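# Commentary on secondary and tertiary structure
Residue-level listing of the chains:
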Amino acid sequence: MGLGMDRCVRKILDGLAKQEEEIVMSPSEGEAKSYFRQRSLLAYFLPQLAWEDVLAFQQRLVFDVSEEPRQKGALILGEHSPIVTVGRQGSHQHLRHEEMEIATGQVAVKWTNRGGGCWHQQPGQLVAYPILPLSPDSFGLAQYRDSLYRTIVEVLREFEIDAVADRRTASVTVGGRPIASVGIAVKQWVSYHGCVINVGIPLDRRPLVSGGGDDRQGGTCMFRELRTPVRVGTVREAFLRHFVGIFGFGHYYLSSPPASLIRPQRGIHASVSPSYY
């Protein structure tokens, strides 16, 4: 009787230990750490820039990362001036054409090849664009996507925000409200585009796009959940830490973007935005 109870207790404890291991490190995270351990990461902290300029920079990095021996990756972190981007799961039906900004062209609409739906990108959001060499045999798209979702969830958890990944809507949600969106593209087995996290954005007006999450509840942001100002730069630094930790890069470096990318542009301040709301 006593021996049987001991075995039962040990079995329960072993099961709990196994669950704890799964929580600490998912299979995708373990694969990432193994795959990227011998690779280095260049991180770029960008000022608020036009979406088109950052897309051109991503495409340049895709070419660089795709070159053999494919031993480096890049991570772009920054903010965009206002724009609506439409991914592969988006359509005209998701655009609210009656809204003044879209109807008059004050906010441009761009169609893109990333996954996900329609995003209204604007200051107060952190955009993260990983440019990483993937491998169909060692670290494919599914593992990459899982690791990216986990990174977002862990960043929000650092700020004591309980978020969950909703792969059906390509988003991360808090109480059913989307706080982050994920949209990935791949070229020559190199990832680009990535995700956007709502740090502090205006929520007191009708959104310019619909779709993703529960539209009846609308979206949310870190400021709304925390009831305290949060700087985009603070979230950016947290994202870099968790990204490096979850993907397991052996080395990472902060790198300066090309001077041509941060040239002064009409209507845009070429300085790192300290935005918080």
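Look a little higher up for the structure.
An account of the accompanying structure is given in this report. Here the structure is a predicted model, which is why all the values come from computation and not from measurement.

What counts as what
Residues numbered from 1 in each chain as written. Predicted model: local features only at pLDDT ≥ 70, side-chain atom pairs only at ≥ 80, totals over all residues. Heavy atoms only, no water. Buried < 20%, exposed > 50% of the residue type's maximum accessible area, 1.4 Å probe, protein only. Helix = DSSP H or I, 4+ residues; strand = E, 2+ residues; numbered from the N terminus. Pairing = 2+ DSSP bridges. Phe/Tyr/Trp six-rings, centres within 6.5 Å; stacked < 30°, edge-to-face > 60°. Lys NZ or Arg CZ within 6 Å of the ring centre and 35° of its normal.

With that settled, the discussion passes to the pairing of strand β5 (residues 118-121). Alternating residues of β5 divide into Cys 118 and His 120 and Trp 119 and Gln 121, and every residue in both groups is buried. Note: strand β3 (residues 83-86) against β5, four bridges, orientation antiparallel. Of the residues in β5, the one forming a bridge with Ile 83 is Gln 121.

Now for the packing of aromatic side chains. Considering all chains together, one arrives at eleven aromatic pairs under this definition. Taken together, a centroid distance of 6.0 Å and an interplanar angle of 20° make the contact between Phe 239 and Phe 243 stacked. With Phe 239 and Phe 243 both in helix α7 (residues 232-247), this residue pair falls four residues apart, about one helical turn. Just as Phe 239 is buried, Phe 243 falls in that class too. One aromatic cluster is present, built from ring pairs that chain together Tyr 35, Phe 36, Phe 139, Tyr 144, Phe 239, Phe 243, Phe 247 and Phe 249. Here the guanidinium or amino end of Arg 39 rests over the ring plane of Tyr 35, the centre of that ring lying 4.1 Å away. One cation-aromatic arrangement involves Arg 167 over Tyr 149; the distance from NZ or CZ to the ring centre is 4.7 Å.

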